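Now for the letters of each chain:
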Amino acid sequence: MSDHLVVTVDYEVFGNGRGCVDACVLDPAERLLRLAEERGFPLTFFVEATEFAAMEQAGVESIGAVKDQLRRAHARGHDIGLHIHPQWWKAPYNGRWEVLPQSRIADLPPDRIAALIEDGLSWLTNVVPDWRCTAFRAGALSIQPSEVVVAALNEMGIAIDSSVAPGRFAAGSSWFDFRHVPDGTWWRTDGDVCTAGTGRLVEVPIATGRISPRADLASFIENRHTRNPPGCSPGPRPRNTLEMASKVASLGRAMLDYCRHDQPLLSALAADWTTRGSDRNPVVCIGHTKNTTDRALASLGSFVDHSRAAGMSASTFGQWLG
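Description of the structure in this document.

Scoring rules and cut-offs
All residue numbers refer to position in the chain's written sequence, counted from 1. Totals for whole chains, interfaces and linings use all residues, but because this is a predicted model, local features are given only for residues with pLDDT of at least 70 and pairs of side-chain atoms are given and counted only at 80 or more. Here the side-chain values reflect all heavy atoms present in the structure, with hydrogen atoms and water set aside. The numbering of helices and of strands both runs from the N terminus, where a helix is a DSSP run of H or I of at least 4 residues and a strand a run of E of at least 2. As defined in this context, the radius of gyration uses C-alpha atoms, and a globule is described by 2.2 Å times the residue total to the power 0.38. Classification of residues uses two cut-offs on accessible area relative to the type maximum, computed with a 1.4 Å probe and protein chains only: under 20% is buried, over 50% is exposed, and between them is partly exposed. Any two residues whose heavy atoms approach within 4.5 Å at even a single point are treated as in contact. Computed with the Shrake-Rupley method and a 1.4 Å probe, the accessible areas treat only the protein chains shown as cover for residues. Positive charge is attributed to Lys and Arg, negative charge to Asp and Glu, and no charge count is given to His or to the chain ends. All charge positions are set by atom: Lys at NZ, Arg at CZ, Asp at CG, Glu at CD. Disulfide assignment relies on a single distance test, namely cysteine sulfur atoms paired within 2.5 Å.

For the chain, the helix and strand inventory stands at 10 helices and 13 strands. For the chain, whose C-alpha radius of gyration is 18 Å, the value lies close to the compact-globule estimate of 20 Å for 322 residues. Once the C-alpha set of the chain is aligned to its principal axes, its extents read approximately 50 × 45 × 45 Å. Taking all 322 residues of the chain together, 55% fall into the buried category. Across the chain, every contact between residues at least 6 apart in sequence was considered, and the portion connecting residues at least 24 apart equals 79%. Accessible surface, the chain: about 13600 Å² in total, of which carbon and sulfur atoms supply 52%. For the chain, the distance from the average site of its 32 positive side-chain charges to the average site of its 37 negative ones is 5 Å.

Take the state of the cysteines next. Disulfides are covalent bonds that connect the sulfur atoms of two cysteines. Within the structure shown, the criterion is met by one disulfide. Between Cys24 and Cys232 runs a disulfide, and the two sulfur atoms are separated by 2.1 Å. With the S-S dihedral at roughly 115 degrees, the linkage between Cys24 and Cys232 falls on the right-handed side. One end of the pair, Cys24, is in helix α1 (residues 21-39); the other, Cys232, is in the loop between α6 (213-223) and α7 (241-249), with 208 residues separating them in the sequence. A relative accessible area of 5% means that Cys232 is categorised as buried. Cys24 supplies the cysteine sulfur nearest to Cys20, a cysteine that is in no disulfide, at a spacing of 6.2 Å.

Now for unusual backbone geometry. Here Gln144 and Pro145 are connected by a cis peptide whose omega angle stands at -5 degrees. Following the sequence through the fold, Pro145 ends up in the loop between β4 (135-138) and α5 (147-155). Phi at Lys90 is positive, roughly 55 degrees, even though this residue is not glycine. Overall, Lys90 belongs to the exposed group, its relative accessible area being 62%. Although it is not a glycine, Leu141 adopts a positive phi angle of roughly 60 degrees.

With that settled, consider α5. Counting along an α-helix, one turn takes 3.6 residues, and residues three or four places apart therefore face a common direction. Residues of α5 that are buried include every one of Val149, Val150, Ala152, Leu153 and Asn154, and no others. Looking at the buried residues of α5, the elements they touch are α4 (110-127), β4, β5 (160-161), β8 (187-189) and β9 (201-203).

Quick look at the structure:
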């Protein structure tokens, strides 16, 4: 049976509260939808419902267009997953967004974690009433320690988490450590998303693969000044020595990110990934609306074409799960 390519898009502005909804979300998402429909493959939008709920509360006009776009995408066979950056929870706007200092969902108390997930599901269900959530992704992949988050996902009936990127780690305020995970393309978890178990929640990680650290660094340097579409900027960001050091230490283990890598490297990473499993492997690739440039669109289109020519199916999480 064929492997399943799942094309995911983190649908959001920047975690620091900056970014234009039109330029960072709506316009790039529309271009992704056109590409997907021309090529005939589904997208999975991981929608940062917490930020859009805060924006709606503040009266941001573009939220009406966000809702319309999500309804159209769902009606045309694209999927929607839940994505949460907790710093956006009920954030006020006073000339700029005053996001909270806490950016890791896993560091919150159980009642706040449950409330964030429930509020996100409620907002999305109000937008698309016949939608049901299959998959979740933690903001900045910061799902660890994961036991309380997994318990909340199980309570809400969410079947899949896709926050793990095997072999990757990050230090600092948004830390995660996925260097020691099961050697497979998916597994069930009892609570720790980095340990296989028999629980209800299925961990379907973002595909990763080994590349030359030199090539990884070259890709980072090449993209750092052209990684956002026109009009979409995160603004000035303070440098964090610990976070930068962990990025350097992670060079050589790349995510299947079509906003960063070109088709030949994406295809090589996908081929490496499928050696971890047997058949019907989920191959999850990732991108962000705020990083979707002309180059990213070209890479994604070529990668999907190449993957299909190699016998892979383009699917949603629900289609893979069956």
